[in-house]
Amino acid sequence: MVLYALIAGVLIGLFYGFAALGLSLAFGVLRVVNIAHGDVIVLGSYLAYELSTQAHINPLFAIPIAVPLAVAIGMVFYRFVAPSLGRSKDPEMLSLILFFGVSQVIEALATIGFSVNQDTLLTGPVGNASVQIFGQSFPNYYPVAAAVAVPGALLVMFYLYRSRLGLATRALMSSRADAMLSGIDVGRTSALSFGIALALAASAGALSIYVNGGVSPSQGTDLTTTAFAVVVIGGLGNPAGALAGGLVFGLAEQFAQSYEPNWAGMVPYVLLLAVMLVKPEGLLSRRVRYA
Amino acid sequence: MKVHRRLLGLAGVCAATGGAVAVLATGAQAGHTRASAAAAPKQIVVGTLYASSGAYAADSLPQYDGVKFWVNQMNKSGGVYVAAYHKKIHVKLVAYNDQSSPTTAATLYSQLITQNHVNIMIPDFGSVLTAPAVSIAQDHHQLLFDATASGTVFFTPNNPYIVGSGIRNSAFWPQPLVQFLVAKHIKKIAILYDANDFDAAQAATLDHGLKAHGIRPVYYQSTATTTTTYGTLIDSIAATNPQAVIEFGYNTNDVPFLNTIPTSGHRFNMVFTVFPGQLPQLFQQEVGTKNLGYTYTYATPPLVPYSKVNLGLNTAQFSRAFKHSFPSVPVTYPAMAGYGTALIAQEALAKASSFTQLAMRRAIGNESGKLTTAIGQFKITKDGAQEGEFLPVGQVFPSHGGTTIKVVYPTSMATTKAKYPAPKG
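Residues numbered from 1 in each chain as written. Chains lettered and ligands numbered in written order. Predicted model: local features only at pLDDT ≥ 70, side-chain atom pairs only at ≥ 80, totals over all residues. Heavy atoms only, no water.

Structural notes on the overall build of chain B
Filter applied, for reference: Strands are runs of DSSP state E lasting at least two residues, helices are runs of H or I lasting at least four, and both sets are numbered from the N terminus onward. Whether two residues are in contact is decided by their heavy atoms: any pair within 4.5 Å suffices. Calculation of accessible area relied on Shrake-Rupley with a 1.4 Å probe; when residues are assessed, cover is drawn exclusively from the protein chains displayed. Under this rule, positive means Lys or Arg and negative means Asp or Glu; His and the chain ends count for nothing. Every charge is mapped onto a representative atom, which is NZ of Lys, CZ of Arg, CG of Asp or CD of Glu.
Counting secondary structure elements, chain B contains 13 helices and 15 strands. If one aligns the C-alpha atoms of chain B with their principal axes, the spans along those axes are about 95 × 55 × 45 Å. Contacts spanning at least 24 positions in sequence make up 67% of the contacts within chain B whose residues lie at least 6 apart. On chain B, roughly 16,500 Å² of surface is accessible, and the fraction owed to carbon and sulfur atoms is 56%. Across chain B, 31 positive and 19 negative side-chain charges occur, with their mean positions spaced 16 Å apart.

Thoughts on unusual backbone geometry
A cis amide bond links B:Pro301 with the next residue in sequence, B:Pro302, at an omega value of 5 degrees. Position of B:Pro302 relative to the elements: it lies in the loop between β11 (296-298) and α11 (315-325). With an omega dihedral of -5 degrees, the bond running from B:Tyr420 to B:Pro421 counts as a cis peptide bond. Tracing the backbone shows B:Pro421 in the segment after β15 (402-409). With phi around 50 degrees, A:Phe134 is a residue other than glycine that occupies positive phi space. The residue B:His141 is not glycine, and still its phi comes out positive at about 55 degrees.

Here we look at the domain arrangement of chain B
All names here are of chain B. For the record, the criterion: Domain limits in this description derive from either an automatic procedure or a database domain assignment. Summed over both partners, the accessible area lost on bringing two parts together, with a 1.4 Å probe, is the buried area. Polar contact criterion, stated in full: a pair of N or O atoms within 3.5 Å, where within protein one must be able to donate a hydrogen and the other to accept it, and residues adjacent in sequence count only if both atoms are side-chain atoms.
Split by domain assignment, chain B resolves into domain 1 (43-169 + 304-378) and domain 2 (175-303 + 391-409). Spacing between the C-alpha centres of domain 1 and domain 2 amounts to 28 Å. A combined buried area of about 1,800 Å² lies between domain 1 and domain 2, and 64% of that area is made up of carbon and sulfur atoms. Of all residues in domain 1, Arg168, Val304 and Tyr333 give up the largest surface area on contact with domain 2, accounting jointly for 30% of the area buried on that side. Seen at the junction of domain 1 and domain 2, the total is three residue pairs in polar contact (both at pLDDT 80 or more).

Some points on a nonpolar patch on the surface
Put simply, the rule reads: Here the term patch refers to residues with relative accessible area over 30% and no salt bridge, with like charges joined within 9 Å and nonpolar side chains (Val, Leu, Ile, Met, Phe, Trp, Tyr) within 5 Å. Here, a salt bridge means any Lys or Arg side-chain nitrogen found within 4 Å of an Asp or Glu carboxyl oxygen.
A surface patch of nonpolar side chains, about 370 Å² in accessible area, is lined by A:Leu3, A:Leu6, A:Val10 and A:Phe134. Summarising the element assignment, A:Leu6 is placed in helix α1 (residues 2-30).

Here's the deal with the pattern of salt bridges
Residues and elements named next belong to chain B. Heads up, the rule is: Burial here depends on accessible area, computed with a 1.4 Å probe over protein chains only, as a share of the maximum for the residue type. Under 20% is buried, over 50% is exposed, and the range in between is partly exposed.
Within this structure, the stated rule accounts for four salt bridges over all chains. Here Lys351 and Glu347 are joined by a salt bridge, their closest N and O atoms 2.7 Å apart. With Lys351 and Glu347 both in helix α12 (residues 333-351) and four residues apart, this pair spans about one turn of that helix. Between Lys351 and Glu367 there is a salt bridge, with the nearest N and O atoms lying 3.7 Å from each other. With Lys351 in helix α12 and Glu367 in the loop between α13 (357-366) and β12 (371-373), this residue pair connects regions lying 16 residues apart in the sequence. Exposure remark for Glu367: the relative accessible area of 11% places this residue in the buried category.

Digging into the interface of chain A and chain B
By a frequent convention, interface size equals the accessible area lost on bringing the separate parts together. Put simply, the rule reads: Amino acid classes used here: Ala, Val, Leu, Ile, Met, Phe, Trp, Tyr, Cys and Pro are nonpolar; Asp, Glu, Lys and Arg are charged; the rest, including Gly, are polar.
Opposite the 33 residues of chain A that make contact, chain B presents 36 residues. Of the roughly 2,600 Å² buried at the junction of chain A and chain B (both faces included), carbon and sulfur atoms supply 47%. Inspection of the region where chain A meets chain B yields zero salt bridges. Applying the counting rule to chain A against chain B returns eight residue pairs in polar contact (both at pLDDT 80 or more). Elements that contribute at least two residues to the side of chain A that touches chain B include exactly α1, α4 (91-114), β2 (136-139), α5 (141-162) and α10 (239-259) of chain A. Of the residues belonging to the side of chain A that touches chain B, the class tally is 14 nonpolar, 16 polar and three charged.

Notes on the side chain of B:Ser53
Positionally, B:Ser53 belongs in the loop between β1 (43-50) and α2 (57-76). Look at B:Ser53 and you get buried, because its relative accessible area is 5%. Residues in contact with B:Ser53, not counting those within four places in the same chain, are A:Glu107, A:Thr111, A:Val116, B:Gln99 and B:Ser100.

Thoughts on the confidence of the model for chain A
All names here are of chain A. We count it as follows: pLDDT is defined as a per-residue confidence score from the predictor, taking values between 0 and 100.
Per-residue pLDDT for chain A averages 88, and the proportion of residues at 70 or more is 97%. Within chain A, the lowest mean pLDDT, 50, falls on helix α12 (residues 285-289), and the highest, 95, falls on helix α2 (residues 37-54). This stretch, residues 287-291, has a pLDDT under 50; its non-local contacts, to residues over four places away or in other chains, come to eight contacts.

Thoughts on the nonpolar core
Residue and element names in this part refer to chain B. As a reminder, the rule being used: Residues enter a nonpolar core if they are buried and are Ala, Val, Leu, Ile, Met, Phe, Trp, Tyr or Cys, with the set joined through side-chain atoms within 4.5 Å.
Core analysis: the biggest nonpolar cluster contains 105 residues, and Trp70, Phe248 and Met270 have the highest contact counts within it. Taken domain by domain, this core gets at least three of its residues from each of domain 1 (43-169 + 304-378) and domain 2 (175-303 + 391-409). Trp70 has contacts with Val46, Val80, Val91, Tyr339, Ala342, Leu343 and Gln346, leaving out every residue within four places of it along the chain.

Side note on the packing of helix α3 (residues 62-87) of chain A against helix α8 (residues 186-211) of chain A
All names here are of chain A. Worth spelling out the cut-off: The axes are straight lines fitted to the C-alpha atoms, using for helices just the contacting stretch, and the angles between their N-to-C directions are given from 0 to 180°. In this scheme the handedness of a crossing depends on how the near helix is turned from the far one: anticlockwise by less than a right angle means left-handed, clockwise means right-handed.
Where α3 contacts α8, the two axes come as close as 7 Å, and the packing angle between them is 145 degrees. Seen along the crossing, α3 lies across α8 with a hand that is right-handed. Looking at the contact of α3 with α8, its residues break down into 17 nonpolar, five polar and two charged.

Re the packing of helix α6 (residues 164-174) of chain A against α8(A)
All names here are of chain A. To keep things clear, this is the line we draw: Note on angle classes: values under 35 degrees are labelled roughly parallel, values over 145 roughly antiparallel, values of 65 to 115 roughly perpendicular, and the remainder oblique.
Close contact between α6 and α8 brings their axes to 10 Å; oriented N to C, the two are set at 100 degrees. Of the possible angle classes, the one that applies to α6 and α8 is roughly perpendicular. Listed contacts from α8 to Leu165, Ala168, Thr169 and Leu172 of α6 are Val186, Arg188, Thr189, Ser190, Leu192 and Ser193. Residue composition of the contact of α6 with α8, by class: five nonpolar, four polar and one charged.

Examining the confidence of the model for chain B
On average, residues of chain B carry a pLDDT of 88, and 91% of them reach 70 or more. Confidence over residues 1-35 of chain B falls short of pLDDT 50; this stretch has two contacts with residues more than four positions distant or in other chains.

Considering the pairing of β1(B)
Residue and element names in this part refer to chain B. Heads up, the condition is: Should DSSP find at least two bridges between two strands, the strands are regarded as paired.
In terms of residue burial, β1 counts as a mostly covered element, since seven of its eight residues are buried. In terms of strand pairing, β1 meets strand β4 (residues 120-122) through three bridges, oriented parallel. Paired with Val46 across the two strands is Ile120, which belongs to β4.

If you want it as structure tokens, here you go:
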């Protein structure tokens, strides 16, 4: 049981980290609290569901479709709301309210479009056979989720630390005013970052439909809560911290499920409180705050 | 002769007196009827909540449809008969959307009572969304006609303002399941249940029932109602090598649980879940024949039909009429529970001597054990918990184009024999 919980915790934890990356990026770059983050994951899940059930295409193909779509939508949306956020004395609070509204709209539209019922995919991303890891049987979507999450996170790191746009993005993370003074196109960089954040969320949706046992329009709030906890544990605004937070969250949840299932929903949040008390800035906040 | 004359005379006096009394009584009753009719409300307001989104929407919406169906039926026939006014009165339905949120539901229940002044109140689906209504209704002396909240905690000796009108108290549900497991000599049983009144009551009954037969579950754990990831839980269950796995959850738990088992690499001889019997179409779509086949569930109407009823339509008639009224909505147990509950409210109005909530409660209490509707017998405990309905054990069998649920226990109701252990593959 220990080995199973450990492996499951790492695999699912990597997924949680990946699912929270977009939220972390949006906050880190834009100081935007995207309450609709979970709803974007839900939309990604529905895209995967429709691809699989209507077009009979592997649901993981939702990722390459969702990425450019979400980046485009994100950039346009950011351009649309940025002036209001920029004028606000408290843009973080305004973004909270704004994205709460967006979340409600997405849920309502998803309910109209896909009905209130939970939708599930009966075939896993690579069939229905289980996978043996160190002598333990796992549903194949556990390692698949981790296998998508790790390169996805690495790509984000590559973008942030090995590209010119990434450099501009990190400059924005450090100081918006300094970035503007140094000639960085803040509007374009911010819009692109927001688009990438949405793309990450939508990509996580293609995996979430498996890990969370299906998709329903009202799932977004729970997903946002989980992502928010993961981001806070790892360090707000730090993409690397999101992965660390995901691992902590996943391990705590899976060990609790093994030994005290009734506490499984609570243990990760108790850890969140503990992290807040011991290291309020999160586990890995320093490195990126000053990167 | 004299005696005969005296007797005839006495009889005549008695007849005359009796006639006079009868005339007076009739006159008085007519007068009372006129007075009552004048005081009668223009409409009977039925209040309910539904969830158009969220975890309980799949069950809540059909329950709401069942209530709407009854309202339409009543109004087509000129209204619901109210004994206190000796007349039929038009029914008005007031319904609000709680979006599966107990907090929102609490506010809306108060609104139904204090602002809409409902005469009949039917809470939303299930224990989670009914729980806020219980204390609010008690505080406002409003009788709840509970359709599908079957948690034991709602029914207490000091609360006369709730009557289980639809689904049987969940504490009674697993009784046939206990007998089935004992009859099959299944001794290693794993029980996983969600931490809510509905599921905890079933788990406790199963646990006690098994222990009474000297069987101690090899796994007995609760998990959060929001659980949708079951890989680790199933692995923990498999480590105890159970002969049967019983999972008590809502449909949002049952679906991922059933879908995770085949992909987990583990296999169990018997798997029991709660909701496939109530929402067979949903489970066929979301779980599929392969994962659902040979699992067990409670068999509920319309799978278990009641042809002889003395209140409302029987199961087959309801199925036909409901399909006609709501062509896009499958005939499921929640829809029938909504209709069945409204019928109990109808009977309370038809029997209560005065138009008060407690009079209705007394009147319907007197009908306990005498009524059979499309969902079975209405029989309540002194605390108001429904104990009349019986939920046999059903097993899902693969059939052409899907699955069929057949009753496998008790043998007196069984339509086929249980396939235990479940065939491989």
